[in-house]
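Inside the fold
These are the residues of each chain, in order.
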Amino acid sequence: MDKSQLIRQYTQLKSKYSVRDGRMAQVMAVREGRISDVAPGLFPDDGPFQEPITANMIDVAARDLAEMIAPLPAVNCISPHMVKDKDRERADIRTKVVQGYITSSDLQTQAYTGIDLYLTCGYLPAKVDIDYDRKTPIITIMDPQGCYPVIDRFGRVTALYQKLLLDREDLIELYPEYRSIVQKYFESRGPGMLEVLKYHDKDVDITMIPELEGGLVLNESPNPIGQCLVKLARRPGPTVRGQFDDVLFVQLA
């Protein structure tokens, strides 16, 4: 796809998942204590009760559940058909390789936040990146907010769009070669956040700013693996719904 096609499909996916994004934003606002964003006028603007005066049970429940589910299972590559010592040695090597991937990715630490997001949002994407310095794959658990997967009829992720909101300082720090363009944009619009789009499929990784110059490409690199390196875990059910979507307004009440 060229830039215009990529931006057009991204816009279509945002529109398709707008209701889901709204539910996630509401739950996250309540978990962060920003109840006035979800229910304006529920609490007075001044006085002793400007903020919620009840315990944030949704946040407490999400954290407790995440701590229960997050510990990773033991990994063992032993095959039931091993009969020789060499077979056992190969199985031990495979087990150590897998454990090395888990350790280098710091997957156990990521799992606590990842499971929290999985329960809250109803799905969780994870991506395998290539660490060329350490020469190892790195598994990264992603924030589902702002992620728009493209899924084929077999349930496989064929591409992923990810929306990031960055301010001027972060953009200049990450992409100093585009300093003048970024500064010119913020001078004309004032302070705020700029939407950055990251796209990944089996062929390419692209980072771009859709609003600038018809799609300003910040970075583009081929995918040397030749397959989409994103997997998606979804809660069972016909639609993607978080664990707390249906109790949100009970908590408000």
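This text goes with the structure placed above it.
Notes on the structure follow. What you are looking at is a predicted structure, and each value in this text was computed from that prediction instead of being measured.

Thresholds applied
Each chain has its residues counted from 1, following the order in which its sequence is written. Where totals are concerned, whole chains, interfaces and linings use all residues; where local detail is concerned, this predicted model gives features only for residues with pLDDT of at least 70, and gives and counts side-chain atom pairs only at 80 or more. Derived side-chain values reflect all non-hydrogen atoms in the structure, with water molecules and hydrogen atoms excluded from consideration. Strands are runs of DSSP state E lasting at least 2 residues, helices are runs of H or I lasting at least 4, and numbering of each runs from the N terminus. Per-residue accessibility, obtained with a 1.4 Å probe over protein chains only, is compared with the maximum for each type, and a residue is labelled buried under 20%, exposed over 50%, and partly exposed between these values. In what follows, a contact means two residues having at least one pair of non-hydrogen atoms within 4.5 Å. In this description, accessible areas are obtained by the Shrake-Rupley approach with a 1.4 Å probe, and a residue is regarded as covered only by the protein chains that are shown. When charges are counted, Lys and Arg contribute as positive and Asp and Glu as negative, whereas His and the chain ends are disregarded. We put the charge of a Lys on NZ, of an Arg on CZ, of an Asp on CG and of a Glu on CD. The axes used here are C-alpha line fits, helices contributing only the stretch in contact, and every angle between their N-to-C directions lies in the interval 0 to 180 degrees. Reported orientations rely on four angle classes, namely roughly parallel under 35 degrees, roughly antiparallel over 145, roughly perpendicular from 65 to 115, and oblique for the rest. The hand of a helix crossing depends on one turn: near helix anticlockwise from the far one by less than a right angle means left-handed, and clockwise means right-handed. Note on residue categories: nonpolar means Ala, Val, Leu, Ile, Met, Phe, Trp, Tyr, Cys or Pro, charged means Asp, Glu, Lys or Arg, and polar means any other residue, Gly included. Pairs of strands are assigned from DSSP output, requiring at least two bridges between the strands. We count a salt bridge whenever a side-chain nitrogen from Lys or Arg sits within 4 Å of a carboxyl oxygen from Asp or Glu.

Looking now at the overall build of the protein. If you tally the helices and strands in the protein, you get nine helices and eight strands. Projected onto its principal axes, the C-alpha coordinates of the protein cover approximately 75 × 45 × 35 Å. The buried share among the 253 residues of the protein stands at 37%. In the protein, 61% of the contacts between residues at least 6 apart in sequence involve partners at least 24 apart. Total accessible area on the protein is roughly 15,600 Å²; 55% of this is exposed by carbon and sulfur atoms. Across the protein, the centroid of the 31 positively charged side chains sits 9 Å from that of the 36 negatively charged ones.

Attention shifts here to unusual backbone geometry. Even without being glycine, Lys-135 reaches a positive phi, approximately 55°. Position of Lys-135 among the secondary structure elements: in the loop between strand S1 (123-131) and strand S2 (136-141). Judged by its relative accessible area of 74%, Lys-135 falls in the exposed class. Not every positive phi belongs to a glycine, and Glu-213 is a case in point at roughly 50°. Here Glu-213 lies in the loop between strand S6 (204-209) and strand S7 (216-222).

Looking now at the packing of helix H4 (residues 57-69) against helix H6 (residues 107-121). The N-to-C vectors of H4 and H6 enclose an angle of 125°; their axes lie 8 Å apart at closest approach. Between H4 and H6, the angle is such that the two are oblique. For the crossing formed where H4 meets H6, the hand is right-handed. On H6, the residues touching Ala-62, Arg-63, Leu-65, Ala-66, Glu-67 and Ile-69 of H4 are Tyr-112, Ile-115, Asp-116, Leu-119 and Thr-120. Across the contact of H4 with H6, the residue classes tally to seven nonpolar, one polar and three charged.

This part covers the pairing of S2. Where S1 and S2 come together, six bridges link them in antiparallel fashion. Looking across to S2, one finds that Lys-127 is bridged to Thr-140. The antiparallel pairing of S1 with S2 creates a hairpin that spans four residues between the two strands, and Lys-135 there sits at a positive phi of about 55°.

Here we come to the pattern of salt bridges. Scanning the entire structure with this criterion turns up 17 salt bridges. Here Lys-127 and Asp-129 are joined by a salt bridge, their closest N and O atoms 2.4 Å apart. What makes Asp-129 partly exposed here is its relative accessible area of 29%. The shortest N-O distance in the salt bridge between Arg-156 and Asp-152 comes to 3.0 Å. The exposure class of Arg-156 is partly exposed, given its relative accessible area of 48%. For Asp-152, a relative accessible area of 23% puts it in the partly exposed group. Several salt bridges share partner residues, and in doing so they unite Arg-31, Asp-59, Arg-63 and Asp-116 into one network.

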